Amino acid sequence: MAIEYVDKAPTLEEYKEMRRAVNFMVLSDRIAANALNNAFHITTVRDNGRAVGMIRVLSDGSYANFITDVMVIPEYQGRGIGTEMMRRTVDFMKSTLLPGETIVLYLMSAIGKEQFYKQFGFRTRPNEVWGAGMSQWITRRE
Ligand SMILES: CC(C)(COP(=O)(O)OP(=O)(O)OC[C@H]1O[C@@H](n2cnc3c(N)ncnc32)[C@H](O)[C@@H]1OP(=O)(O)O)[C@@H](O)C(=O)NCCC(=O)NCCS
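Residues numbered from 1 in each chain as written. Predicted model: local features only at pLDDT ≥ 70, side-chain atom pairs only at ≥ 80, totals over all residues. Heavy atoms only, no water.

## Digging into the overall build of the protein
The secondary structure content of the protein amounts to four helices and five strands. Counting from the amino terminus, helix and strand elements in the protein follow one another as β-α-α-β-β-β-α-β-α. Over its C-alpha trace the protein gives a radius of gyration of 16 Å, about what one expects of a compact globule, namely 14 Å for 142 residues. In the protein, buried positions account for 32% of the 142 residues. For the protein, long-range pairs separated by at least 24 residues make up 56% of all intrachain contacts whose partners lie at least 6 apart in sequence. (Helix = DSSP H or I, 4+ residues; strand = E, 2+ residues; numbered from the N terminus. Rg over C-alpha atoms; globule rule 2.2 N^0.38 Å. Buried < 20%, exposed > 50% of the residue type's maximum accessible area, 1.4 Å probe, protein only. Contact = heavy atoms within 4.5 Å.)

Structure (structure tokens):
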């Protein structure tokens, strides 16, 4: 294995293939291409050039930052790649700060992945301080 962490988007085809591999929702090409083009920061993990994992940050470029598309294809899971992607991403976001500044990182955990994210300082919601995170998917039918 020659694992590399490259701070650059995967191709559209690689993105669609990785999403398929982890059973994420199928996106239209337009939605998927814009998701890659408009992200704030993307790391793609490659093994001898093959895209095997990725992570994206969506951002206002400042305070509010959302980590999404955290994925490692099944044959590469459990080898520390997801941990390394998360560590690098949190470090990168810290590198955008000046001394004393604070920003927020949000993410939505898949069921059963909460422990994976807790090691990086994320807290589940609701808790004694914050209400629940909320979300919905919207579809235009015609
Ligand atoms: C969640 C996900 C990104 C984690 O990536 P990963 O590369 O498998 O993660 P890691 O290998 O760093 O850690 C996963 C587990 O393997 C263990 N592990 C870490 N390094 C390891 C190594 N070198 N060898 C064996 N196991 C290892 C970790 O302790 C961790 O254990 P846990 O399941 O108890 O938390 C990956 O499982 C995935 O893509 N899942 C499908 C998509 C998904 O659900 N994404 C999350 C959306 S919120």
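This is not the end of the story, as more comes after the structure.
## Description of the environment of R30
Assignment of secondary structure puts R30 in helix 2 (residues 29–37). By relative accessible area, which is 60% here, R30 ends up exposed. Residues R30 and L12 lie 18 residues apart in sequence; the distance between their C-alpha atoms is 9.8 Å.

## Some words on the packing of helix 1 (residues 12–21) against helix 2
At a minimum axis separation of 10 Å, helix 1 and helix 2 run at an interaxial angle of 105°. Judged on the interaxial angle alone, helix 2 and helix 1 are roughly perpendicular. Counting all contacts with helix 1, which are made through L12, Y15 and K16, the residues of helix 2 involved are D29, A32, A33, A35 and L36. When the residues that make up the contact of helix 1 with helix 2 are grouped by side-chain class, the tally is six nonpolar, no polar and two charged. (Axes fitted to C-alpha atoms, helices over the stretch in contact; angles between N-to-C directions. Parallel < 35°, antiparallel > 145°, perpendicular 65-115°, else oblique. Nonpolar A, V, L, I, M, F, W, Y, C, P; charged D, E, K, R; others polar.)

## Description of the site of the ligand
What surrounds the ligand is a group of 18 residues, the closest being V72, G78, G80, G82 and T83. The separation between a nitrogen atom of the ligand and a polar main-chain atom of V70 is 2.8 Å. Here an oxygen atom of the ligand sits 2.7 Å away from a polar atom, N or O, in the main chain of G80. Contact with the protein chains hides 62% of the accessible area of the ligand, taken as 920 Å² for the molecule alone. Secondary-structure elements contributing two or more residues to the shell around the ligand are strand 4 (64–72), helix 3 (81–95) and helix 4 (114–118). Residues that form the shell around the ligand fall into these classes: ten nonpolar, six polar and two charged. (Near = heavy atom within 4 Å. Polar contact = N/O pair within 3.5 Å; in protein donor to acceptor, adjacent residues only side chain to side chain. Areas by Shrake-Rupley, 256 points an atom, 1.4 Å probe, with all protein chains shown as cover.)

## Some points on the sheet that holds strand 1 (residues 3–6)
A sheet is described by the order of its strands in space; here five strands give the open sequence 1-2-3-4-5, paired in mixed fashion. Each end of this open sheet is capped by a strand with a single partner; those strands are strand 1 and strand 5 (104–106). On average, adjacent strands in this sheet sit at an angle of 20° to one another, irrespective of strand direction. Sheet topology note: the strand 4/strand 5 ladder contains three bridges and is parallel. The residue of strand 5 that forms the bridge with N65 is L105. Across the sheet, helix 3 touches strand 1, strand 2 (41–47), strand 3 (50–59), strand 4 and strand 5, and the angle it forms with strand 4 is around 160°. (Pairing = 2+ DSSP bridges.)

## Focus: the environment of R56
Counting through the fold element by element, R56 comes out in strand 3. When the C-alpha positions of R56 and M86 are compared, they lie 10.0 Å apart, and in sequence the two are 30 residues distant. With residues near it in sequence (within four places) discarded, R56 still touches Y15, A35, L36, A39, H41, I42, F66, I67, T68 and D69. Here the side chain of R56 touches D69 through a polar contact of 2.8 Å, side chain to side chain.

Scope: geometric values only; no functional claims are made or implied.
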